[in-house]
Amino acid sequence: MTNWSASNSEGAMVSAFEKLARPIQKWVRSKGWRELRQVQADAVHAISDSEADIIVSASTAGGKTEAAFLPLISKVIDEPWDGGGFDILYLGPLKALITDQAMRLEDICREVELPVIPWHGDISSSIKSKAVKAPRGILLITPESLEALFIRRGMQIPRLFKNTRAVVIDELHSVLDSERGVQMRSLLTRLEISVGRQIRRIGLSATLGNMKLASTYLRPGNPEQVKLIETEGGEAELLLQLRGYKTGEKDSERQAVTEEIAAHLFKHLRGSDNLVFAGARQSVEIYADRLRQRCENERLPQEFYAHHASLSREHRDFVEKRLKDGQLPTTAVCTSTLELGIDIGDVACVAQIGAPFSVASLRQRLGRSGRREGQPAILRQYIVEAQLDSRSGFADKLRLGLVRAIAMIELLLEGWCEPPNKAALHLSTLVHQILSLIAERGGAKANRLYRVLCQEGPFRLVSVEIFQDVLRALGDPETGLIEQAGDGLLLLGPTGERLVEHYGFYAVFETPEEFRLIHAGRELGTLPVDNILAPGMLLIFSGRRWVVEEVHDLEKVILVVPASAGTPPAFSGGDPGLIHDVVIKKMFDLLEGSYEPTYLDQTSRSMLAEARNHFERLGMATTPVVYEQDGTYAVATRCGTVKNATLALALGAYGYRVTRYDGFLTVESSDSQPPLLETLNEFASGKPVDLFRRSPNLVFDKFHRFLTPELLRHDARSKRLDTNSLEETTLRLIGNSFVQT
DNA sequence: GACCTGCTGCGGTTTG
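Just so you know, these numbers come straight off a predicted model, no measurement behind them. (Residues numbered from 1 in each chain as written. Chains lettered and ligands numbered in written order. Predicted model: local features only at pLDDT ≥ 70, side-chain atom pairs only at ≥ 80, totals over all residues. Heavy atoms only, no water.)

1. Focus on the overall build of chain A
Applied cut-off: We count a stretch as a helix when DSSP gives it H or I for four or more residues in a row; a strand needs E for two or more, and each element gets its number in order from the N terminus. C-alpha atoms define the radius of gyration, and 2.2 Å times the number of residues to the power 0.38 defines the globule rule. Reported accessibility uses the Shrake-Rupley method at a 1.4 Å probe radius. Residues are deemed covered only where the shown protein chains occlude them. This count recognises Lys and Arg as positive and Asp and Glu as negative, with His and chain-terminal groups excluded. Charged groups are reduced to one reference atom each: NZ for lysine, CZ for arginine, CG for aspartic acid, CD for glutamic acid.
The helix and strand tally for chain A stands at 26 helices and 24 strands. Taken over C-alpha atoms, the radius of gyration comes to 28 Å for chain A, in line with the 27 Å a tight globule of 741 residues would show. Its C-alpha atoms give chain A principal-axis dimensions of about 80 × 70 × 65 Å. Accessible surface, chain A: about 33500 Å² in total, of which carbon and sulfur atoms supply 49%. Considering chain A, the positive charge centre built from 88 side chains and the negative charge centre built from 96 side chains are found 3 Å apart.

This is the structure we're talking about:
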């Protein structure tokens, strides 16, 4: 038999294995495991010996699920409680993940007769009503379905969860700072208030950038008490290459470069499983088309497939299955759809086309490769930059795409990644939770709403004044979301009723209306309605070429048949990404330094040299504001997106025309504006600026349309802008000497 | 200057 030694570094006398319930020990043995992994053993001790909140942080396929559930299920078996209710609650961000995890848990629970209940939109209502009638076992649910439980069966929440011992939050890193994460934390607070006690929280996550902040997200009131369990080291060897390409402005020149990159991918990826992250859905379609064409031309079996959110579930399942099976070589050209979530097995290589938006996501993507013992992780980064001529723009000359890609890789190698931003108000989601909380109880007093959501829940930055303004906006007869009864009880108004009753209410994020694309009765996927399509038009979609046959406007359906040519459609633009200050700082280190990464190819190395030359010629290392030509200045702000946008908006309020780049602005001024340096000097002296003077668009999130302009400005200031940074940024730009003039 | 994620109850029909 195996040697099950005590694996706790503190020298626990009892081994982790011995702390597991008998049937669970039997299950572990039946798996043929030689020993528990370090995270698993640590988690067994932590969960068995205390009631502490815990974060288990380990790479994909590191055994986190077992680390949390083996001891939790053991507790349910060894210390049974009477009275019914779900024993363990699991929250997962994806339906596919819930299905996957339910299968793994069912395997563990088979011998112990503990029900495992997956619960999301695709689960039949009969299974759900059965589970509600006799609740026990492990409930695996999405945040949206839990939201629906609160709204539809609010009164039953205490009965369902009175005996729940723990809530396991999977993929914690993916919900840290998002609207969806705030919703989840609000629901967990409401759950605890509903059952009248704290429920232990266990977060599972890939490596997090900042464990302290993650603890604050897991248990806001008491982050110091959160136990952290991390894997040390064990990182696979990393093989890296960055290839640079130059293109002219003509379509033919761009296509030639696309062809070159496709040829390189084809040569190196064919015959194995790989992921190509192409950045945007349109670009996914283009590269999938080029790669498939190569297979056809060489009469080889097809192994390149497109994968993004607009493609049909059926097609996506097919691609995922092919990757997971490992039988036939498969390369998925994808967006972030394949960045996290379900296990698709190990891939040989990860390719990234264009600079990524965050180090965190680059790290997550790379984690898909090199997971097998002794296998290196491989990253192939492709960057396309412009051919320079006399008319070349600022960003082209500084090669900002290339420099950002290098900065991201360097930070990845240093082990850094973006921490979550914790300062936002999240007013859109606050509106959602106010309506949901009123619906849960059929009515609520204002002070209770404030206590539950803002004092005990996640909206702690919302002051009483702002909260009252939000209630007033919702109660405005024009809006009609809520109304006040004689005794001060807040109820849903007619509009509020309708909104909450519709199933589209449960999610806190918005999705645009789309056409369904159909060929021979089968749905290929969906396209945003802003594409203008008419019969006869050619299209590339799902990596293949089509011609439009019929457009049914009312049903939002487009019928297509195969064609021999096509162009990729436009997909709606999303939110611009927020590049972190640290990434920009790294970009400037690269521009000012002479370090040459060994992973650059010849073209990218010469382009980095061009960027450094131009930066030096501009003199921006010492003079952050330089005159370019025709009334245009270049400004090296050295700031990430938020601070850069703040300065851009401030200058815009004074009438300057401003263009934003990573770490830079260009500013056009005419005679009607004061000299730029004078304006910067005013900002630096702390003179208040009305950032919203030119009424920029502030409606970004699902429930923003119910808020007043003033509340929208508060929300924007808390997340997209940093008003306090203006003085500091501009002081750095003009230098101390200038202040005295 | 981008991507991703989610969804109830009820009425109708079919089947055992």
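2. Quick look at the environment of Tyr-287
As a reminder of what qualifies: Only heavy atoms matter for contacts: two residues are in contact if any of them lie within 4.5 Å across the pair.
Within the secondary structure layout, Tyr-287 lies in helix H12 (residues 281-297). Sequence-wise, Tyr-287 and Tyr-305 are 18 residues apart; in three dimensions their C-alpha atoms are separated by 9.5 Å. Once you skip the residues sitting within four places of it in the chain, Tyr-287 turns out to touch Thr-258, Ile-261, Ala-262, Leu-265, Val-333 and Ile-353.

3. Remarks on the sheet that holds strand E13 (residues 377-386)
Our working rule: Between any two strands, at least two bridges found by DSSP are needed for them to pair. Axis definition: a line fitted to C-alpha atoms, over the contacting stretch in the case of helices. Angles run 0 to 180 degrees between N-to-C directions.
If you trace the six strands from one edge of the open sheet to the other, you get E8-E13-E12-E9-E11-E10, paired in parallel fashion. Strands with a single pairing partner mark the edges of an open sheet, and in this sheet they are strand E8 (238-247) and strand E10 (304-307). Strand after strand, the sheet turns through a mean of 20° between neighbouring axes, direction not considered. Pairing analysis gives 10 bridges linking E8 to E13, with the strands arranged parallel. Bridge pairing links Leu-242 to Gln-381 in E13. With respect to the sheet, helix H22 (residues 602-618) is in contact with E8 and E13, its orientation differing from that of E8 by roughly 70°.

4. Notes on unusual backbone geometry
Despite not being glycine, Glu-113 shows a phi value in the positive range, around 55°. Inspection of the secondary structure assignment puts Glu-113 in the loop between helix H5 (95-109) and strand E3 (116-119). Positive phi values are uncommon outside glycine, yet Lys-556 reaches one of about 55°. Tracing the chain through its elements places Lys-556 in the loop between strand E19 (544-552) and strand E20 (557-562).

5. Notes on the sheet that holds strand E7 (residues 227-230)
Either a parallel or an antiparallel arrangement is found when strands of a sheet pair, and the pairing is made through backbone hydrogen bonds. Pairing is parallel across the open sheet formed by seven strands, whose spatial order is E3-E4-E2-E5-E6-E1-E7. Two strands lie at the open edges of the sheet, namely E3 and E7, each paired on one side alone. Going across the sheet, the axis of each strand differs from the next one's by a mean of 15°, ignoring polarity. For strand E1 (residues 54-57) and strand E6 (residues 200-205), the ladder comprises four bridges, and the chain directions are parallel. Across the sheet, the residue bridging to Val-56 is Leu-204, located in E6. Contacts between helix H3 (residues 38-49) and the sheet are confined to E1, E6 and E7, with E7 contributing the most and set at about 160° to the helix. Here helix H7 (residues 143-152) sits on the sheet and contacts strand E2 (88-91), E3 and strand E4 (138-141); the angle it forms with E4, its principal contact strand, is near 110°.

6. Concerning the pattern of salt bridges
Rule in force here: Each reported salt bridge corresponds to a side-chain nitrogen of Lys or Arg within 4 Å of a carboxyl oxygen of Asp or Glu. When accessible area is computed with a 1.4 Å probe and restricted to protein chains, residues below 20% of their type maximum are described as buried, those above 50% as exposed, and intermediate ones as partly exposed.
This structure, assessed with the given rule, holds 38 salt bridges. Linking Arg-391 and Asp-389 is a salt bridge whose minimum nitrogen-to-oxygen distance equals 3.4 Å. For Asp-389, a relative accessible area of 38% gives the class partly exposed. In this structure, Asp-589 and Lys-585 form a salt bridge, with 3.5 Å as the shortest nitrogen-oxygen distance. Highlighted residues: Asp-589 and Lys-585, both in helix H21 (residues 581-592), separated by four residues, approximately one helical turn. One connected set of salt bridges, linked through shared partners, spans Glu-259, Asp-289, Arg-290, Arg-294 and Arg-545.

7. Brief notes about the protein's contact with DNA strand B
Defined as follows: Whether a residue is near a molecule or strand depends on its heavy atoms: if one lies within 4 Å, it is near. Here a polar contact is recorded for every N or O atom pair within 3.5 Å, except that within protein the pair must consist of a potential hydrogen donor and a potential acceptor, and residues adjacent in sequence are included only if both atoms are side-chain atoms.
For DNA strand B, the set of nearby residues contains 36 residues, the closest of which are Lys-95, Arg-316, Arg-404, Tyr-503 and Asp-575. Backbone atoms, meaning sugar and phosphate, make up 53% of the atoms of DNA strand B lying within 4 Å of the protein. Interatomic distance of 2.5 Å between a side-chain N/O atom of Arg-316 and a phosphate oxygen of DNA strand B. A per-element tally of the surface near DNA strand B places H7 first, with four residues.

8. Topic: the packing of helix H17 (residues 427-441) against helix H18 (residues 446-456)
Just so we agree on the cut-off: Roughly parallel here means an angle under 35 degrees, roughly antiparallel means over 145, roughly perpendicular means 65 to 115, and every remaining angle is called oblique. Crossings are assigned a handedness: left-handed for a near helix turned anticlockwise from the far helix by less than a right angle, right-handed for a clockwise turn.
Contact pair H17 / H18: the axes reach a minimum separation of 11 Å and the direction vectors enclose 125°. Between H17 and H18, the angle falls in the class oblique. Judged by the sense of rotation from one axis to the other, the crossing of H17 with H18 is right-handed. Every residue of H18 that contacts H17 at Leu-430, Gln-433, Ile-434, Leu-437, Ile-438 and Arg-441 is listed here: Arg-448, Leu-449, Val-452, Leu-453 and Cys-454.

9. Overview of the nonpolar core
Counted only if it meets this: What is meant by a nonpolar core is a set of buried Ala, Val, Leu, Ile, Met, Phe, Trp, Tyr and Cys residues, joined one to another through side-chain atoms within 4.5 Å.
Among the nonpolar cores identified, the biggest contains 62 residues, and Leu-430, Ile-434 and Val-470 are the most heavily contacted of them. Core analysis: the second largest hydrophobic core is formed by 53 residues, Phe-277, Leu-323, Ile-344 and Leu-412 among them.

10. So, the packing of aromatic side chains
Here is the rule we go by: Whether two aromatic rings pair depends on their centres lying within 6.5 Å, for rings of Phe, Tyr and Trp, where Trp uses its six-membered ring; planes under 30 degrees apart make the pair stacked, over 60 edge-to-face, and the rest tilted.
Inspection of every chain in the model, using the stated rule, returns 16 aromatic pairs. Aromatic pair Trp-27 and Trp-33: ring centres 5.5 Å apart, planes at 80°, arrangement edge-to-face. By relative accessible area, which is 9% here, Trp-27 ends up buried. With 5.2 Å between their ring centres and 75° between their planes, Phe-394 and Phe-664 make a pair best called edge-to-face.

11. A closer look at the pairing of strand E11 (residues 331-334)
Two faces belong to every sheet, and in a regular strand the side chains alternate between them. Convention followed: The path from the first strand over the helix to the second decides the hand: if it runs clockwise while the strands point away from the viewer, the crossover is right-handed.
What you see with E11 is no split at all: Thr-331 and Val-333 on one side and Ala-332 and Cys-334 on the other are buried throughout. For strand E9 (residues 274-277) and E11, the ladder comprises four bridges, and the chain directions are parallel. Bridge pairing in E11 places Phe-277 opposite Cys-334. Handedness of the crossover is the feature at issue here: the chain leaves E10, passes through helix H13 (residues 313-325), returns alongside E11, and the resulting connection is right-handed.

12. What to know about the confidence of the model for chain A
Rule in force here: Per-residue confidence from the prediction method is given by pLDDT, with values spanning 0 to 100.
Model confidence for chain A is summarised by a mean pLDDT of 91, while 96% of its residues fall at 70 or above. Counted against residues more than four places away or in other chains, residues 1-12, with its pLDDT under 50, gives 19 contacts. The low-confidence segment residues 736-741 (pLDDT under 50) makes seven contacts with residues lying over four places distant or belonging to another chain.

13. A word on H17
Spelled out, the test is: Each residue after the first adds 1.5 Å to the expected span of a helix.
If you check H17, its first and last C-alpha atoms are 22 Å apart, about what 15 residues at 1.5 Å a residue would give, namely 21 Å. A large share of H17 lies buried, amounting to 14 of its 15 residues. Looking one or two residues beyond H17, the residue adopting positive phi is Gly-442, at roughly 80°.

14. Digging into the environment of Lys-422
Residue placement: Lys-422 occurs in the loop between helix H16 (400-414) and H17. As for Lys-422 and Leu-461, which are separated by 39 residues in sequence, their C-alpha atoms are 9.6 Å apart. Not counting residues within four places of it along the chain, the set of residues in contact with Lys-422 comprises Leu-213, Tyr-217 and Leu-461.

15. Overview of helix H6 (residues 125-133)
What counts is decided by this rule: As used here, the arc is the angular range of directions from the helix axis to the C-beta atoms.
Taken as a whole, H6 has its buried residues at Lys-128, Ala-131 and Val-132. The arc enclosing the buried residues of H6, seen along the axis, measures out at 100°, which places them on a common side. Turned more than 90 degrees from where H6 packs its buried face, Lys-130 and Lys-133 sit exposed. Of the surrounding elements, those touching the buried residues of H6 are E3 and helix H8 (157-161).

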